[in-house]
Amino acid sequence: HRNATGFIEAIKRYEHKKQEQSFFKDEINVISIVAHGGTIMSLLDAYSENDYYSGMCSCGEGFATEVTYTVDNYGNIKISCLSVIDRICIGSDNR
């Protein structure tokens, strides 16, 4: 599943950067991913309670989500949940 592989790779990079103490001045707990709508739909379908079509959004729109995952001793990422917090829409206060 190509979309899932890219998503997990982004989390791995985040975890790697977290290990570099000099990289962060403050604790960072927000990551932004800009992706094609089909990628968003696929990720929500794979990791959330939503189905594929509930992740459909218009051009320039998306979702604020929270991802819960674990990292094993070998650095492998296991995503346990992707929760939609809010829908982000162009021209609204939800940015």
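Up top is the structure these notes are about.
About the cut-offs
Residues numbered from 1 in each chain as written. Predicted model: local features only at pLDDT ≥ 70, side-chain atom pairs only at ≥ 80, totals over all residues. Heavy atoms only, no water. Disulfide = S-S within 2.5 Å. Helix = DSSP H or I, 4+ residues; strand = E, 2+ residues; numbered from the N terminus. Expected span 1.5 Å × (residues − 1). Buried < 20%, exposed > 50% of the residue type's maximum accessible area, 1.4 Å probe, protein only. Arc of directions from axis to C-beta. Core = buried A, V, L, I, M, F, W, Y, C linked by side-chain atoms within 4.5 Å. Contact = heavy atoms within 4.5 Å. Axes fitted to C-alpha atoms, helices over the stretch in contact; angles between N-to-C directions. Parallel < 35°, antiparallel > 145°, perpendicular 65-115°, else oblique. Nonpolar A, V, L, I, M, F, W, Y, C, P; charged D, E, K, R; others polar. Salt bridge = Lys/Arg side-chain N within 4 Å of Asp/Glu carboxyl O.

Here we take up the state of the cysteines. Counted according to the given criterion, the structure contains 0 disulfides. Free cysteine Cys 59: the closest other cysteine sulfur is in Cys 57, separated by 9.1 Å.

What follows concerns helix H1 (residues 2–19). In this model, H1 (18 residues) spans 26 Å end to end at C-alpha, consistent with the 26 Å of a helix rising 1.5 Å per residue. Every buried residue belonging to H1 is among Ala 4, Phe 7, Ile 11, Tyr 14 and Glu 15, and all of these are buried. Buried residues of H1 fall within an arc of 100 degrees about the axis and therefore sit on the same side. Counted as exposed and oriented over 90 degrees from the buried face of H1: Arg 2, Thr 5, Arg 13 and Gln 19.

This next bit is on the nonpolar core. One finds Ala 4, Phe 7, Ile 11, Ile 40, Leu 43, Leu 44, Tyr 47, Cys 57, Phe 63, Ile 77, Ile 79 and Leu 82 forming the largest nonpolar core, which totals 12 residues. Listed by contribution, the elements that provide at least two residues to this core are H1, helix H2 (37–47) and strand S2 (77–88). What Leu 82 contacts, discounting residues up to four positions off in sequence, is Phe 7, Leu 43, Leu 44, Tyr 47, Ser 48, Thr 65, Glu 66 and Val 67.

Where H1 meets H2, the axes come as close as 9 Å, and the angle between the chain directions of the two elements is 85 degrees. As summarised for this structure, H1 and H2 are arranged roughly perpendicular, according to the angle between their axes. Contacts between H1 and H2 involve Asn 3, Ala 4, Phe 7 and Ile 8 from the former and Gly 38, Thr 39, Ser 42, Leu 43 and Tyr 47 from the latter. Across the contact of H1 with H2, the residue classes tally to 5 nonpolar, 4 polar and no charged.

A few words now on the pattern of salt bridges. All told, the structure shown has 1 salt bridge when counted by the stated rule. With a shortest N-O distance of 3.7 Å, Arg 13 and Glu 9 are connected by a salt bridge. Within this pair, Arg 13 and its partner Glu 9 are both found in helix H1, separated by 4 residues, close to a single helical turn. We classify Arg 13 as exposed; its relative accessible area is 57%.

The analysis is restricted to geometry; functional conclusions fall outside its scope.
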